[in-house]
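# Summary of the model geometry
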Amino acid sequence: MRAFADALEMVPMALAENSGLNPIEELSAAKAAQVAEGKPYLGVDCMNKGTRDMKVQEVFETLIGKQQQLSLATQVVRMILKVDDVIS
């Protein structure tokens, strides 16, 4: 379960790195801001707009899109584990 959670953290780290930012600092700052402000929609400010608030930056993602992405990622991992069991 922890590995799955770690994998989900790779998305904001990749966003930060591809934006020329320090991924570890940005992820830590985003998590700290989410906890301090109690707002789960704070993220990485890739566009340097001066705010981590994704609502203010008008960054939206549909729930169905998130559900499908997580479902597909989980299916891929299960397939990889099955192949690993067959090879072992």
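Throughout what follows, the structure given in this document is the object of discussion. Keep in mind that what you see is a predicted model, and the values were worked out from it rather than measured. (Residues numbered from 1 in each chain as written. Predicted model: local features only at pLDDT ≥ 70, side-chain atom pairs only at ≥ 80, totals over all residues. Heavy atoms only, no water.)

### Examining the overall build of the protein
The following threshold applies: Numbering of helices and strands starts at the N terminus; helices are DSSP runs of H or I of at least 4 residues and strands are runs of E of at least 2. Radius of gyration: over C-alpha atoms. The globule rule applied is 2.2 Å multiplied by the number of residues raised to the 0.38 power. For every residue, the accessible area obtained with a 1.4 Å probe (protein chains only) is divided by the maximum for its type, and the residue is called buried under 20%, exposed over 50%, and partly exposed between those limits. Here, residues are in contact when the closest pair of their heavy atoms is within 4.5 Å. Surface exposure here means Shrake-Rupley accessible area, sampled with a 1.4 Å probe, where a residue is shielded only by the protein chains that are shown.
Across its full length, the protein carries three helices and zero strands. Overall, the protein shows an N-to-C arrangement of helices and strands of α-α-α. Over its C-alpha atoms the protein spans a radius of gyration of 16 Å, topping by over 25% the 12 Å that the globule rule assigns to 88 residues. Judged by the C-alpha coordinates and their principal axes, the protein covers about 50 × 30 × 25 Å. Relative to its full complement of 88 residues, the protein shows a buried share of 18%. Nonlocal contacts in the protein, meaning residues at least 24 apart in sequence, comprise 21% of its contacts between residues at least 6 apart. When the accessible surface of the protein is split by element, carbon and sulfur atoms take 62% of a total near 6,900 Å².

### So, helix H2 (residues 23-37)
So the rule is basically this: Here, expected helix span is obtained from the residue count minus one, scaled by 1.5 Å. Arc definition: directions from the helix axis to the C-beta atoms. Pairing of N or O atoms within 3.5 Å defines a polar contact, subject to two protein rules: one partner must be a possible hydrogen donor and the other a possible acceptor, and residues neighboring in sequence count only if both atoms are side-chain atoms.
When the terminal C-alpha atoms of H2 are compared, their 21 Å separation across 15 residues agrees well with the 21 Å that a helix rising 1.5 Å per residue should span. Within the span of H2, buried status applies to Pro-23, Glu-26, Leu-27, Ala-30 and Ala-33. One face of H2 carries all of its buried residues, which in axial projection span an arc of 130°. Exposed and oriented more than 90 degrees from the buried face of H2 are Ile-24, Glu-25, Val-35 and Ala-36. Buried residues belonging to H2 abut helix H1 (2-18). Backbone nitrogen of Ile-24 and a side-chain oxygen of the N-cap are separated by 3.1 Å at the start of H2; the cap is Asn-22.

### Things to note about the packing of aromatic side chains
Test applied: Pairing of aromatic rings covers Phe, Tyr and Trp, the last counted by its six-membered ring, and requires centre-to-centre distances within 6.5 Å; plane angles under 30 degrees mean stacked, over 60 mean edge-to-face, and any other angle means tilted. For a lysine, the NZ atom is tested; for an arginine, the CZ atom; a charge sits over a ring if that atom is within 6 Å of the ring centre and within 35 degrees of the ring normal.
One pass over the full model with this rule turns up zero aromatic pairs. Seen from the ring of Tyr-41, Lys-55 lies directly overhead, with NZ or CZ sitting 4.2 Å from the centre.

### As for the pattern of salt bridges
Note the threshold: The working definition used for a salt bridge is a side-chain nitrogen of Lys or Arg within 4 Å of a carboxyl oxygen of Asp or Glu.
What the rule picks out here adds up to five salt bridges. Across the pair Lys-31 and Glu-9 runs a salt bridge, and its minimum N-O distance is 2.4 Å. Of this pair, Lys-31 sits in helix H2 while Glu-9 sits in helix H1, and the two are 22 residues apart along the sequence. The class of Lys-31 is partly exposed, set by a relative accessible area of 37%. Residue Lys-39 pairs with Glu-37 through a salt bridge whose shortest N-O separation is 3.9 Å. Among the residues examined, Lys-39 registers a relative accessible area of 28% and is labelled partly exposed.

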